[in-house]
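Summary of the model geometry
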Amino acid sequence: MRFALAFVSILLLAGFALADVPLLSDMVTLDVNMRPRYEVEGRDFNSDTGMSDYGTMRTMIGINIMANENLKIRVKFKESRYLGTQRSNGAPTAQFEAQEAYFKVMNAFDMPMVIKAGRFEYKLGRNRIFGPGGWNMFGPRTYDGLKLHFDTDYGAWSLMAAKVVDNNAAHVAVSNAVYGFANVAATTDRNLFVLSGKLLDGHFQPLFSAD
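Residues numbered from 1 in each chain as written. Predicted model: local features only at pLDDT ≥ 70, side-chain atom pairs only at ≥ 80, totals over all residues. Heavy atoms only, no water.

1. Re the overall build of the protein chain
Of regular secondary structure, the protein chain possesses one helix and 10 strands. Sequence-ordered secondary structure for the protein chain, helices as α and strands as β, is α-β-β-β-β-β-β-β-β-β-β. Long-range pairs, those at least 24 residues apart, make up 44% of the contacts in the protein chain between residues at least 6 apart in sequence. (Helix = DSSP H or I, 4+ residues; strand = E, 2+ residues; numbered from the N terminus. Contact = heavy atoms within 4.5 Å.)

The following block contains the structure:
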């Protein structure tokens, strides 16, 4: 019994992954990731309150289109839900959205450069600074922006520019659009710039960011 419980726990934690399966042809591939999870927690350190338990399911389906050897188009759809039947005539508990939607150009301008634009996951190192969230039910954090990757004789460099907050003019009152007011920061755009490198066979990885 103990072995069965351990096996089921490992299975639920690992989830199910299927990568790069030909869909219509070699130009169109499909990758699927399903992760059911059952959680039991009692983090209040009070033995009189008992435990709480709930289940979640995260499903991701990615479609990759290789238009040619230098152009890739990717869209990944994600659905995250807490397990349970929805109420009659009520909104569903699931959240369905595009986790990724971008195009990627390799060997751009006949140079060792890769251009990626759109919405994409951005991970660096062990994902502690950029790319956290892979463990939760909503998946890794995504960014809307542009990424340039360069390969040089001394290592590789990547430059990423992303929009964190984007306000249009209708959200900004003219009377508040003057520096010096306390609430200006709440109505202005916010951008993120990251320059990362991988040098000396990856032993030296500089990282510079501006938010």
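2. Details of the layout of surface pockets
What the largest pocket holds in volume is close to 380 Å³. In terms of lining, the largest pocket is formed by 19 residues, of which the most central are Leu124, Gly125, Ser196, Lys198 and Gln205. Elements that contribute at least two residues to the lining of the largest pocket include exactly strand 7 (142-152), strand 8 (155-165) and strand 9 (190-199). Taken together, the residues of the lining of the largest pocket break down into seven nonpolar, seven polar and five charged. (1 Å grid on protein atoms, 1.4 Å probe; cavity = no way out; pocket = protein on both sides within 12 Å on 5 of 7 lines; lining within 4 Å. Points joined across faces, edges and corners; volume = space filled by probe spheres on them. Nonpolar A, V, L, I, M, F, W, Y, C, P; charged D, E, K, R; others polar.)

3. Regarding unusual backbone geometry
Although it is not a glycine, Phe109 adopts a positive phi angle of roughly 55°. You can call Phe109 exposed: its relative accessible area is 64%. With a phi angle near 50°, Leu200 is a residue other than glycine that sits in the positive phi range. Position of Leu200 among the secondary structure elements: in the loop between strand 9 and strand 10 (207-210). (Buried < 20%, exposed > 50% of the residue type's maximum accessible area, 1.4 Å probe, protein only.)

4. Some remarks on the packing of aromatic side chains
A complete count under the given rule lists four aromatic pairs for this structure. Plain terms: the ring middles of Phe77 and Phe96 are 5.8 Å apart, the flat faces sit at 5° to each other, and that makes the pair stacked. Residue Phe77 is located in strand 4 (residues 71-82), and its partner Phe96 is located in strand 5 (residues 95-105); the two are separated by 19 residues in the primary sequence. On the basis of relative accessible area, Phe96 is assigned to the exposed category, the value being 61%. A cation over an aromatic ring shows up here: Arg37 above the ring of Trp135, its NZ or CZ 4.1 Å from the ring centre. Sitting above the plane of the Tyr102 ring, Lys116 keeps its charged end 4.8 Å from the centroid. (Phe/Tyr/Trp six-rings, centres within 6.5 Å; stacked < 30°, edge-to-face > 60°. Lys NZ or Arg CZ within 6 Å of the ring centre and 35° of its normal.)

5. Focus: the environment of Tyr154
Structurally, Tyr154 can be placed in the loop between strand 7 and strand 8. Of the residues examined, Tyr154 reaches a relative accessible area of 72% and is grouped as exposed. Distance in space between the C-alpha atoms of Tyr154 and Lys198 is 9.0 Å, their sequence separation being 44 residues. Contact partners of Tyr154, with chain neighbours within four places excluded, come to Leu199 and Leu200.

6. A word on the pattern of salt bridges
For the structure shown, the criterion picks out 11 salt bridges. Measuring nitrogen to oxygen at the nearest pair gives 2.8 Å for the salt bridge that ties Asp31 to Arg74. In this pair, Asp31 is assigned in strand 2 (residues 28-41) and Arg74 in strand 4, connecting sequence segments 43 residues apart. Of the two residues, Asp31 and Arg74, both sit in the buried class. (Salt bridge = Lys/Arg side-chain N within 4 Å of Asp/Glu carboxyl O.)

7. What to know about the pairing of strand 5
Note that strand 4 and strand 5 share 10 bridges and pair antiparallel. The residue of strand 5 that forms the bridge with Lys76 is Glu100. Of the strand pairs in this sheet, strand 5 and strand 6 (residues 113-121) are connected by five bridges, and their pairing is antiparallel. By the bridge assignment, Lys104 is partnered in strand 6 with Lys116. (Pairing = 2+ DSSP bridges.)

8. Notes on the nonpolar core
Listed in full, the nine residues of the largest apolar core are Tyr102, Phe120, Tyr122, Phe130, Tyr143, Met160, Ala162, Leu192 and Val194. Elements represented by at least two residues in this core include exactly strand 8 and strand 9. Setting aside anything within four residues of it in sequence, one finds Met160 in contact with Phe120, Tyr122, Tyr143, Leu146, Lys147, Leu192, Phe193 and Val194. (Core = buried A, V, L, I, M, F, W, Y, C linked by side-chain atoms within 4.5 Å.)

9. Considerations on the side chain of Ser196
The residue Ser196 is located in strand 9 in this model. On the basis of relative accessibility, which here comes to 10%, the residue Ser196 falls in the buried class. The residues contacting Ser196, other than those within four sequence positions of it, are Tyr122, Leu124, Ala156, Trp157, Ser158, Pro206 and Leu207.

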